[in-house]
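# Fold and geometry: a report
If you want the building blocks of each chain, they are given just below.
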Amino acid sequence: MRTVDYTKTGNTDNTLSSSTQNGPEDVAGGVRPPIVDLHLHTTASDGQLSPTELIELVAETSLRIVAITDHDSTEGIGEAQAAAERHPGLTVIPGIELGTEVGDTEVHLIGHFADTDAPGLQEYLAHLRDGRVEAARGTVERLREHGINIDWERVLEIAGGAVGRPHIARAMAEAGYVENAQDAFRRYLGSNGIARVKRPKPTPVDGVRFFHSVGMTATLAHPQTVKGLARVLGFLVDEGLDGIEVFAPKYGTNDRARRLEVAARNGLIAVGGTDYHAWGSADEIVPGDPNTVGPPPGAVDDLRAAADRWKAARKSANAPVIPEIFGGRGAPDSG
Ligand SMILES: [Zn+2]
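Residues numbered from 1 in each chain as written. Predicted model: local features only at pLDDT ≥ 70, side-chain atom pairs only at ≥ 80, totals over all residues.

### Quick look at the overall build of the protein
Note the following rule: Each helix corresponds to a stretch of at least 4 residues labelled H or I by DSSP, and each strand to a stretch of at least 2 residues labelled E; elements are numbered beginning at the N terminus. Each residue is classified by how many other C-beta atoms fall within 10 Å of its C-beta atom, where C-beta atoms are placed from the backbone; a count of 20 or more means buried, 12 or fewer means exposed, and values in between mean partly exposed. Note that contacts rest on C-beta atoms placed from the backbone: two residues are in contact if these are within 7 Å.
When helices and strands are tallied, the protein shows eleven helices and seven strands. Each of the 335 residues in the protein was classed as buried or not, and the buried ones make up 51%. If you take every contact in the protein between residues at least 6 apart in sequence, the share linking residues at least 24 apart comes to 74%.

Put into structure tokens, the structure is as follows:
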């Protein structure tokens, strides 16, 4: 098991951090105002800002290292990196978020340090996006059965990239069937909604294997949303999970210290970010919010070193092969 010494990566020796911040015990190994945000979305998936707009926004903040982590897509990364070139000192890490499922829980995984040309990477993402399109089409179909006629072409237009329920919700609001996207989710598209069509998802183990097979790290996003976390974490750590989101302000910051302890106990790198989509809701946390706590820059160094190890393993053919798209090879029983 790897051991991670967070005392070395805490904010105490961090010259970039604000002098007005509280002591290290208050930020639980993190940094306030944040310098690092490893979880951001753009119009390449369900974010509302283009990669350029997002970079322009973060460039105005304390953030210096950001990761673009769109769902099932690397399409926004090139544009984000080009935009960041206008802002010396701002680094963009190429990432991907994957929605996986085991038993009755969703498990979101984030991969960092993508080599977007890695063999198999784009093919796998394309398969995942095909599954999304099919489920979205099915949802539009089911809505029609309930007297809600939204235009499929319009949904694709709104999506621009990887299509998902938020885009259907917006099309519904636009056509006047619901008041807003939240209303659409509550009445039609949410987990108990009448028009919900589930898409096939890889298992978390397949997700971790995929990331490693293409030379990326695998980290667990917002662990608070995982049912039966201890069990899920157990088999993901066995599979070589690299990190876990500890600094995820959107999901509550009260138990940061406890999550940091979970990370340390499992030899995981403590990462995190805002999971920003620019949805514009009043309670949405904007990247670089000076009142939030971000991961220490040292966590990025640890993550990069881990990615280098996975890339080296891939080159020497020690990396796991890309798993069956929706097979759950080796996934634990969901019982
Ligand atoms: Zn996300």
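### Brief notes about the pairing of strand β1 (residues 36–40)
We apply this condition: Any two strands with at least two DSSP-identified bridges between them are counted as paired. Crossovers are described as right-handed under a simple rule: with the strands pointing away from the observer, the path leading from the first strand over the helix to the second runs clockwise.
Burial within β1 is extensive, with five of its five residues counted as buried. Both β1 and strand β2 (residues 65–71) contribute to a ladder of three bridges, which runs parallel. Pairing of Leu-40 across the sheet is with Ile-68, part of β2. Crossover β1 to β2 through helix α2 (residues 51–59) is right-handed.

### Some thoughts on helix α11 (residues 297–315)
Inclusion rule: Multiply 1.5 Å by the residue count of a helix minus one, and that product is the helix's expected span.
Compared with the 27 Å implied by 1.5 Å per residue over 19 residues, the 27 Å span of α11 between its first and last C-alpha is a close match. For α11, every residue scored as buried is listed here: Gly-298, Ala-299, Val-300, Asp-302, Leu-303, Ala-306, Ala-307, Trp-310 and Arg-314. Following α11 by one or two positions, Ala-317 has its phi on the positive side, about 60°.

### As for the sheet that holds β2
Spelled out, the test is: As a rule, the C-alpha atoms of each element are fitted with a line to give its axis, helices using only the stretch in contact, and angles between N-to-C directions run from 0 to 180 degrees.
In spatial order, the strands read β1-β2-β3-β4-β5-β6-β7; together these seven strands make up an open sheet with mixed pairing. Here the strands that pair on one side only, and so sit at the sheet edges, are β1 and β7 (269–272). Adjacent strand axes in the sheet meet at a mean angle of 35° when their direction is disregarded. Strand direction decides the pairing type here: β2 and strand β3 (residues 91–102), joined by seven bridges, are parallel. Paired with Asp-70 across the strands is Ile-96, a residue of β3.

### Quick word on the nonpolar core
In plain terms, the rule: When buried Ala, Val, Leu, Ile, Met, Phe, Trp, Tyr and Cys residues are joined through C-beta atoms within 7 Å, the set is termed a nonpolar core.
Counting residues in hydrophobic clusters, the biggest one holds 66 residues, and the most contacted among them are Ala-80, Leu-109, Met-216 and Ala-270. Of the residues forming this core, the biggest block, six residues, is contributed by α11. Not counting residues within four places of it along the chain, the set of residues in contact with Met-216 comprises Gly-111, His-112, Phe-113, Ala-114, Phe-211, Ala-307 and Trp-310. Ala-44, Ile-168, Met-172 and Val-178 belong to the second largest nonpolar core, which has 20 residues in total.

### Observations concerning helix α3 (residues 77–84)
Think of an α-helix as 3.6 residues a turn; residues three or four steps apart then line up on the same face. The cut-off we apply is this: This arc describes the spread of directions from the helix axis toward the C-beta atoms.
Those residues of α3 lying buried are Ile-77, Glu-79, Ala-80, Ala-83 and Ala-84. The buried residues of α3 occupy one face: seen down the axis, they fall within an arc of 165°.

### Comments concerning the environment of Glu-239
Note on placement: Glu-239 falls in the loop between α9 (229–238) and β6 (243–247). For Glu-239, a count of 19 C-beta atoms within 10 Å puts it in the partly exposed group. C-alpha of Glu-239 to C-alpha of Val-208: the two residues are 31 residues apart in sequence and 7.2 Å apart in space. Not counting residues up to four positions away in its chain, the partners in contact with Glu-239 are Val-205, Val-208 and Arg-209.

### Digging into the pairing of strand β5 (residues 217–220)
Residue alternation in β5 divides its side chains into two sets, Thr-217 and Thr-219 and Ala-218 and Leu-220, and both sets are buried. In this sheet, β6 lies alongside β5 in parallel orientation, the contact comprising two bridges. Across the sheet, Leu-220 pairs through a bridge with Ile-244, a residue of β6. A crossover links β5 with its parallel partner β6, the connecting element being α9, and its sense is right-handed.

### Notes on the confidence of the model for the protein
As a reminder, the rule being used: Per-residue confidence from the predictor is given as pLDDT, running between 0 and 100.
On average, residues of the protein score 87 in pLDDT, and 86% of them are at 70 or above. Below a pLDDT of 50 lies the segment residues 325–335, which in the model reaches 17 contacts outside its immediate sequence neighbourhood of four places, other chains included.

### Thoughts on the environment of Asp-283
Its location among the elements puts Asp-283 in the loop between β7 and α11. Residues Asp-283 and Lys-250, 33 residues apart in the sequence, show an inter-C-alpha distance of 8.6 Å.

### Observations regarding the packing of helix α5 (residues 152–159) against helix α6 (residues 165–174)
Cut-off, in case you're wondering: Each angle is binned into one of four classes, with values under 35 degrees roughly parallel, values over 145 roughly antiparallel, values of 65 to 115 roughly perpendicular, and all other values oblique. The sense of a crossing depends on the near helix, which, turned anticlockwise from the far helix by less than a right angle, makes the crossing left-handed and, turned clockwise, makes it right-handed. The classification used treats Ala, Val, Leu, Ile, Met, Phe, Trp, Tyr, Cys and Pro as nonpolar, Asp, Glu, Lys and Arg as charged, and all other residues, Gly among them, as polar.
Interhelical geometry of α5 versus α6 gives an angle of 120° and a closest axis separation of 9 Å. Classed by the angle they form, the pair α5 and α6 counts as oblique. Handedness of the crossing formed by α5 with α6: right-handed. Residues Arg-154, Val-155, Ile-158 and Ala-159 of α5 touch α6, and the partners they reach there are His-167, Ile-168, Arg-170 and Ala-171. Grouping the amino acids of the contact of α5 with α6 by side-chain chemistry returns five nonpolar, one polar and two charged.

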